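Architecture and fold: a report
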Amino acid sequence: MLLKKGDNNESVKLMQEKLGISPAVTNFGPKTEEAVKAFQLKNGLTPDGIVGDKTWGMIMGESVEVTPQPVVSTPSVSGLKLDKLKGHIPQSVIDSIPEVASKFEINTPLRVAHFLAQCGHESGGFKLTQENLNYSAKGLLGIFPKYFDAGTAAAYERKPEKIANVVYANRMGNGDKTSGEGWKFHGRGYIQLTGKENYTAFTKSIGEDCIANPDLVASKYALASAAWFFSKNGLHKLADGGSGDDTVTKITKRVNGGTIGLPDRIKHFKEYYSLLS
């Protein structure tokens, strides 16, 4: 069982009834997500708002064995205490750093600070895990002039799925716009993993099928997918260039394709590096 925000089916309605949400509907919206998180927190589960087998079983009143997790300090990376980041980035991100840092060689204070600065900016402060393609006609003409003119922009306005299937068609391993792969493999994760080729390569790296279930990149592997991108493109080694603004600029150009948001990236790099070094 796996239910998450955005789902719409009878299982959602049944769960809402069990949680005392009234009126119970089939849509898994923000209210339902908050109720799930509250239930998980109360019952010793990870409060991520995602309903897996254990959360589902407990909500339904089934017998589920929950093993209490010991309270331990945050693991270190190369001798660095990540506890220093508490209050500056979400705890869920801090908890994920040791595993991805080890796997993708983002394993020094300098590398971690550069990595987190880019992730934080690209995700609006670690809040966004999916690309926002809900563009107005004006936005389409400004950002994707190669794909839209005044006539077509009006027809595609505020239609994210159709927009993705146009702008990502026949690119990055995707099929044509009728294949639906532009939308299926649109940007997800803290550095927006995009395109079937990247999803395929990341699937091989992580060992879980993100081709069949691309939403895993947003829900489960937001940080890991960003770390994979960072490592694949050699940005962890580029980070070894130092703590100067020039190094942040070089990394930003590789992540963003330009220097959009550079002052914010520099600001957060300095913040994280001062905490970690």
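First, a word on what this report is: a plain description of the structure on this page. (Residues numbered from 1 in each chain as written. Predicted model: local features only at pLDDT ≥ 70, side-chain atom pairs only at ≥ 80, totals over all residues. Heavy atoms only, no water.)

So, the overall build of the chain
Short version of the rule: Every helix listed is a DSSP run of H or I at least four residues long, and every strand listed is a run of E at least two residues long, numbered separately from the N terminus. For a compact globule the rule gives 2.2 Å times the number of residues to the power 0.38, and the radius of gyration it is set against comes from C-alpha atoms. Exposed residues in this analysis have more than 50% of their type's maximum accessible area, buried residues have under 20%, and partly exposed residues fall in between, with area computed by a 1.4 Å probe over protein chains only. The contact criterion used is simple: two residues touch if any of their non-hydrogen atoms lie within 4.5 Å. Accessible surface area values rest on a Shrake-Rupley calculation with a 1.4 Å probe, where residue burial reflects the displayed protein chains alone.
For the chain, the helix and strand inventory stands at 15 helices and two strands. Here the chain has a C-alpha radius of gyration of 20 Å; the compact-globule value for 277 residues is 19 Å, and the two agree. A principal-axis box enclosing the C-alpha atoms of the chain has dimensions of 55 × 55 × 30 Å. Looking at the 277 residues of the chain, the share that counts as buried comes to 43%. In the chain, once contacts between residues fewer than 6 apart in sequence are set aside, the share between residues at least 24 apart is 46%. Counting only carbon and sulfur atoms, one obtains 50% of the accessible surface of the chain, whose full area is about 14,000 Å².

A word on the nonpolar core
Operational definition: We call a set of buried residues a nonpolar core when its members are Ala, Val, Leu, Ile, Met, Phe, Trp, Tyr or Cys and they connect through side-chain atoms within 4.5 Å of each other.
Counting 49 residues, the largest nonpolar core has Leu85, Ile89, Phe115 and Leu116 as its most contacted members. When residues of this core are traced back to their parent elements, those giving at least two are helix H4 (91-103), helix H5 (109-122), helix H10 (196-206), helix H11 (216-219), helix H12 (222-232), helix H14 (245-256) and helix H15 (262-276). Ranked by residues supplied to this core, first place goes to H12 with eight residues. Sequence-distant contacts of phenylalanine 115, that is, excluding residues within four places in its chain, are made with Ile106, Leu223, Ala226, Ala227 and Phe230. Counting residues in hydrophobic clusters, the runner-up holds 13 residues, among them Leu140, Tyr156, Ala164 and Val167.

With respect to H14
The condition is simple: To estimate the expected span of a helix, subtract one from its residue number and multiply by 1.5 Å.
Helix length check: H14 (12 residues) gives 16 Å between terminal C-alpha atoms against 16 Å at 1.5 Å per residue, within 8%. Buried within H14 are the following residues: Thr247, Val248, Thr249, Ile251, Thr252 and Val255. As for H14, its buried residues are in contact with H5, H12, helix H13 (235-238) and H15. Phi for glycine 257, located one or two positions after H14, is positive at around 85°.

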